[in-house]
Amino acid sequence: MRIINHFIVIMGMVVGLVGNNDSLVSAKSLEAGYASTSWMGNGEVHDLPDGGQVINAIVKGVMIVRHSNGAVGGIVHTAKLECPIRVTVNKNGDHRTYLGLCTILAHEGKDVGYAEWKCAGGPMECEGEFTFTGGAGGFSGISGTIPFFSRIVFEKLEAGNARAVGYAYWPNLTVTLS
């Protein structure tokens, strides 16, 4: 009988501890608001035999997140963004496919997030998905896939080099932290 009583007490403690610790039970979804960045970078342009191009570059920017809590002006947070990207341009130059891997550094590098993105579109803006794949510090366990819009213009320089400028925005930056 004592063994059963001890078992019941221990199970009650375990249920109580797990039930009171939200991080063990469920993930927390955060709606951060509207986010945007301006890109700048450098890369290389490779002309393909079919007349298309592949552009490999690294673009950098500062992600600015404006919380949508209804307050005038709202709260603004920033994070550094660095993304190696590959852009494939078809032979007519009227369609581009983008792939990117990003490292996001916030709070002086104390919080690090990782993401990948892809989008496709014409020579102007492309629409796609931005997926958070993990992180460390305050971004530990970050996940989620959200809509993403971007435009990057490449200026071809000498010897196949290129300069990149552009922007990206996330209409409703929402993540899950576990």
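To be clear, the structure that these remarks concern was listed above.
Residues numbered from 1 in each chain as written. Predicted model: local features only at pLDDT ≥ 70, side-chain atom pairs only at ≥ 80, totals over all residues. Heavy atoms only, no water.

Trainee: Please give an account of the pattern of salt bridges that cites residues and values.
Mentor: If you walk through the whole model with that rule in mind, you get three salt bridges. For the salt bridge of Lys-60 with Glu-82, the shortest nitrogen-to-oxygen distance reads 3.9 Å. Placement of Lys-60 in strand β2 (residues 53-66) and of Glu-82 in strand β3 (residues 76-89) is noted, with a sequence separation of 22 residues between them. (Salt bridge = Lys/Arg side-chain N within 4 Å of Asp/Glu carboxyl O. Helix = DSSP H or I, 4+ residues; strand = E, 2+ residues; numbered from the N terminus.)

Trainee: Can you lay out the pairing of β3 for me, pointing to particular residues and giving the numbers?
Mentor: Here 14 bridges tie β2 to β3, and the two strands are oriented antiparallel to one another. The residue bridging Val-54 from the neighbouring strand is Thr-88, located in β3. As judged from the eight bridges shared by β3 and strand β4 (residues 96-106), these two strands associate in the antiparallel manner. Following the sheet pairing, Lys-80 is matched in β4 by Leu-105. Counted along the chain from β3 to the antiparallel partner β4, the turn is six residues long, and its residue Gly-93 has a positive phi close to 75 degrees. (Pairing = 2+ DSSP bridges.)

Trainee: Can you tell me about the environment of Glu-127, naming the residues and giving the values?
Mentor: By the secondary structure assignment, Glu-127 is in strand β6 (residues 126-136). Residue classification places Glu-127 among the exposed positions, given a relative accessible area of 54%. Counting along the chain gives 23 residues from Glu-127 to Ser-150, while the straight-line C-alpha distance between them is 6.7 Å. Residues within four places of Glu-127 in sequence aside, it is in contact with Cys-119, Ala-120, Phe-148 and Phe-149. (Buried < 20%, exposed > 50% of the residue type's maximum accessible area, 1.4 Å probe, protein only. Contact = heavy atoms within 4.5 Å.)

The values reported here are purely geometric and, on their own, carry no functional implication.
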